[in-house]
Amino acid sequence: MTFSEQEQPVVFQAGGGPQRLKLAGRYTSGVYANPYTVADAQVHRLELREAAKRTGRVPRTR
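Computed from a prediction, not measured in an experiment: that's the story for all the values here.

**Points about the overall build of the protein chain**
Each helix and strand counted, the protein chain has 2 helices and 2 strands in total. N-terminal to C-terminal, the α/β element order of the protein chain is β-α-β-α. Looking at the protein chain residue by residue over its 62 residues, the buried ones come to 18%. Nonlocal contacts in the protein chain, meaning residues at least 24 apart in sequence, comprise 30% of its contacts between residues at least 6 apart. Of the accessible surface of the protein chain, which amounts to about 5200 Å², a share of 53% is contributed by carbon and sulfur atoms.

Calculation notes
- Residues numbered from 1 in each chain as written.
- Predicted model: local features only at pLDDT ≥ 70, side-chain atom pairs only at ≥ 80, totals over all residues.
- Heavy atoms only, no water.
- Helix = DSSP H or I, 4+ residues; strand = E, 2+ residues; numbered from the N terminus.
- Buried < 20%, exposed > 50% of the residue type's maximum accessible area, 1.4 Å probe, protein only.
- Contact = heavy atoms within 4.5 Å.
- Areas by Shrake-Rupley, 256 points an atom, 1.4 Å probe, with all protein chains shown as cover.

Shape is all these values report; function is a separate question.
Below you can see the structure in the form of structure tokens.
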């Protein structure tokens, strides 16, 4: 099992959409995504970071 710097399991989630973004923002360490363009990927990253902020988490910037 792989652990994060906080010594907790690393949790990944697949997919997007409003409910999954909310779930990812609250609980996951990473998300599998399949954007079609760089612009789509940038929007998805921004949405994930905003979802994390709404739950009090500090999104990573790298």
